[in-house]
Structures are given as C-alpha cells and as structure tokens.
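Structural characterization, general
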Amino acid sequence: MTARTVVALSSLAIAVASAGCLSFYEVAIETPIRAKLDVTPFSRVLVAGFVTGGSRSIDPNTETARLLRSQLRGKSELKIIDADVIDLVDVYDKKRSKAAPEKPDAVRIMDEKDVQDYEPILKDEKYWKEIGDEYQSPLIITGSVLFTEVSRSGMVSKLQSYTDSMGRPAYQERREFANLRGYALTPKFVFIDGRTGAQLYSEGFYEESLYSETQNTPALSSYFELMDKLLPSFLNTLSTQKIRGTRVLLVK
Amino acid sequence: MNKRLWLIALMLIGLSAPALADKRGDAKAQVAWGIQVAQKGLWKEATQQWEKATVIDPSYASAWNNLGIGYEQLGKFDEARKAYEKALELEPNNQMIRGNYDQFREIYDRQNRRRVK
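What you see as residue numbers is a count from 1 along each chain, following the sequence as written. Ligands are numbered from 1 and chains lettered from A, in the order in which they are written. At least 70 in pLDDT is required for a residue's local features to be given in this predicted model, at least 80 for side-chain atom pairs to be given and counted, and no such filter applies to totals for whole chains, interfaces and linings, which use all residues.

1. What to know about the overall build of chain A
What counts as a helix is a DSSP run of H or I of at least four residues, what counts as a strand is a run of E of at least two, and both are numbered from the N terminus. From N to C terminus, chain A includes seven helices and nine strands. Here the C-beta atoms are placed from the backbone, and a residue counts as buried if at least 20 other C-beta atoms lie within 10 Å of its own, exposed if 12 or fewer do, and partly exposed otherwise. In chain A, which comprises 252 residues, the share counted as buried stands at 28%. We call two residues in contact when their backbone-placed C-beta atoms lie within 7 Å. A separation of at least 24 residues holds for 76% of the contacts in chain A among residues at least 6 apart in sequence.

Structure follows, in structure tokens:
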C-alpha cells in the first residue's frame, strides 16, 4: 500500500465520519452561463439605435442606447463607441420616402404591427455595412423597443395583518378584485456584423409590470425595472456571465 | 402453504436488506468524498463522485441533488435539471432539494427566456 493510497483512504474515512455528523452543507457556487455569440472577431461595439415606439412618456431609443452602453462598459471586454443614437424610424421613413408626420413628435409606432413595418431596416445589409465602414467594422447592436402602457382587471392576492386571539400580530391572505395598470416592454435585440452588414443573432423578449391603480409609478422607473429583468440575458449574448449563489449539498 | 410462502418472502427480504444497505453505504461514501472535494473547489472531481454514487444507488436522492449542483456549477444545465428532477421524484417533500431546484430554475428559465406572451 503506497503512501498516496493511505492518505486517500484516511481522507475518505474522515469524509465519511464527518458526513455522519452533518447531513447537509451549504456551499457557494458560481453558475456560468456561456456567451451565446462569439465576439472574438470584434474589439469594438456600437449600440446604434432602435426602432422604438409606444408610450410617449419616455424616449426608449435614447434610454435603451444609454443603458446598454453603460452596462456593456462594465460587463464586456469590448470597447464601446460613443456616437449619436440613430433614429431608425426616421432613417427608414426617409429611405422609403414616407412623408414625415405633421407633428414632429407624433408617435409613428403604436403596436407590434407598426414595429413589423420597420423590420426591413434591421435586415438592410447595405445600410449596416455603411454604418460599419464609418466606425471601422464594429459589432453593431440595434433592434426594436416597444414600451407601452397596459391595464388589467382581475383578482389579486393581498396579505392583510390582524391580531389573533392571543393578541399576536398575524397575517392572512385575502383575494380581492383590482384594477391594475403599468407598462409592457417588448424589445428585440439584433446583433450585426459591421464588416458585412449581416445579422449574426437576434433575440426578443416580453416583460410587463403591473401596479395598483392608486400607485403612481413613473414610466422611467418602470422602464428600468423591466430592463433589469432582461439585461442578464442580453449581456449573456456577448460574454459569459457568472451568477453567484448558494446551494445545499446533502449526505443523508 | 401460505405460511411457507410468507417465510420465503421474509427470507428474501432479510437476505436483500444487507445488500441494499451496502449499496447505500458505498454511495454515501462517494457522496461524502464528493462533498470534501467540492468544498475545495474541485467541482469536476466532485461531480464524478456523485455520478458514481447515482450508479451505485439510483434511489439515493441526496446523490442526485448533489449531482444537480455539480452539473450546474459546470454549466451543464440540461443534465442539472434532469438530476434535480430525479432527486425530487425520489423525495418530493425534501425542502432542501426543492430550494436548490427553485434557485436553479430561476437561472435556467432566465437563460432560456424567450418571447413568451
């Protein structure tokens, strides 16, 4: 029996003996989520701009470009190109010679059907190749963002506090009818190769947040709340993300 | 006649019980060893131990639970889901397994989140 075997066997004996004392162990883990896209050919990224519409309470084009740039700055290896955000709705309307609306601030995109009308600009390889040439062939991020107001009515569960027969505070669940309103976010992120103008990858999401009718939630804070939910998935397209957490290992 | 049948059944149970206990004992040793190496950050080796444990004793829920955690740490999500679900199938009321699985599903579903309206 070699020394290594003795050490291994004694460690195993200790492991089994200690396992007898404890039946579970909490361990820290880092769950790796691999990048969905190989970005090694690129050193720079341009968040170009988006086809946006819906609620007029915020400017989803500027807010989305700003938010994605700041997120990529901290969580991606790629260098971020600071450029003016492109108004793709305007660009496409000019390309197809559609007359601009009489009121310049009129919303041209109200729903998903309107967004689909503007899909061709996202697939226009010639246009994106030109943009790519202008910025020395980066990875281009574009897509569409629809931010709309929503309202729903239905039964909701609420926790209600009361004092029990022993005088202790307690809670009980109560269901009641409520009118809810909030916002829905429907973004689609499109990743384009700035060298060729071709689409590499695209991904769509849908998120909504509903609040009690009496609650006054600003549109911008709801927008950030909704974007927070899908940012990990967006970032995961470009870089491997590690999600820290704890799990319980069992012996019994 | 019935008495004889009962006697045979009891004898069979009596004979197989030590074999089952041996299996669980061997699997427990693998699981405990896996935990030791996992705590040192050697997740690949730990996962191999837990894989062995599930082969030795496929009815050992803890081994499946740990295997789920090991696969999760290694980024093998589909395998992790199957291992956790096997652990829950064996011990549906185990709150620790349920807690691990719920946390895993949050990440798994988020990663697989697509446009679902």
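2. Overview of the overall build of chain B
Check the secondary structure of chain B and you find five helices and zero strands. Ordering the α and β elements of chain B from the N terminus gives α-α-α-α-α.

3. Describing unusual backbone geometry
With glycine set apart, most residues show a phi of negative sign, and most peptide bonds adopt trans. All names here are of chain A. One non-glycine residue with positive phi stands out, namely Q136, at about 60°. Mapped onto the fold, Q136 is located in the loop between α6 (125-134) and β5 (139-163). A positive phi angle is found at S137, which is not glycine, with a value near 55°. For S137, the location among the structural elements is in the loop between α6 and β5.

4. Remarks on the interface of chain B and chain A
Each side of the interface is counted separately: chain B has 28 residues, and chain A has 28 residues. Ranked by residues supplied to the side of chain B that touches chain A, first place goes to helix α1 (residues 2-39) of chain B with nine residues. Lys, Arg, Asp and Glu make up the charged group, whereas Ala, Val, Leu, Ile, Met, Phe, Trp, Tyr, Cys and Pro make up the nonpolar group; the residues left over, Gly among them, are polar. Its residues placed into classes, the side of chain B that touches chain A shows 10 nonpolar, 11 polar and seven charged.

5. Quick word on the environment of A63 of chain B
Residues and elements named next belong to chain B. Structurally, A63 is set in helix α3 (residues 61-73). Placed 12 residues apart in sequence, A63 and E51 show a C-alpha to C-alpha distance of 7.8 Å. The residues touching A63, leaving out its near neighbours within four places in the chain, are A27, V31, W50, A53, T54 and D57.

6. Here's the deal with helix α3 (residues 88-95) of chain A
Residue and element names in this part refer to chain A. Those residues of α3 lying buried are L88, V89 and Y92. Seen from one end, α3 has its buried residues packed into an arc of 100°, which puts them on one side. Taken together, the buried residues of α3 touch β3 (51-54), α5 (119-122) and β5. S97 sits one or two residues past α3 and shows a positive phi near 55°. Summarising the geometry, the arc corresponds to the directions from the helix axis toward the C-beta atoms.

7. A short note on the confidence of the model for chain B
As a per-residue measure, pLDDT tells how confident the predictor is, with possible values from 0 to 100. Scored by pLDDT, chain B comes out at a mean of 86, with 77% of its residues at no less than 70. Across the interfaces of the predicted complex, the ipTM metric reaches 0.81, alongside a pTM of 0.63.

8. Thoughts on the packing of α3 of chain B against helix α4 (residues 77-90) of chain B
Residue and element names in this part refer to chain B. An axis is simply a line fitted to the C-alpha atoms; with a helix, the fit covers only the stretch in contact. Between two such axes, the angle follows the N-to-C directions and lies from 0 to 180 degrees. Packing of α3 against α4 brings their axes to within 8 Å, and their N-to-C directions diverge by 160°. In terms of orientation, α3 lies roughly antiparallel with respect to α4. In the packing of α3 onto α4, the handedness of the crossing is left-handed. Touching A61, W64, N65, L67, G68, Y71 and E72 of α3 are E79, A80, A83, Y84, K86, A87 and L90, all from α4. Tallied by class, the residues present in the contact of α3 with α4 amount to nine nonpolar, two polar and three charged. Relative orientations are named as follows: roughly parallel for angles under 35 degrees, roughly antiparallel for angles over 145 degrees, roughly perpendicular for angles from 65 to 115 degrees, and oblique for any other angle. Two helices cross in a left-handed way if the nearer one is turned anticlockwise from the farther one by less than a right angle. They cross in a right-handed way if the turn is clockwise.

9. A word on the packing of helix α2 (residues 60-75) of chain A against helix α7 (residues 219-238) of chain A
Residues and elements named next belong to chain A. One can describe the packing of α2 onto α7 by two numbers: an axis separation of 11 Å at closest approach and a directional angle of 45°. What the angle tells us is that α2 and α7 run oblique. Like other packed secondary-structure pairs, α2 and α7 cross with a definite hand, here right-handed. Contacts between α2 and α7 involve E63, L67, Q71 and K75 from the former and Y223, M227, L231 and L235 from the latter.

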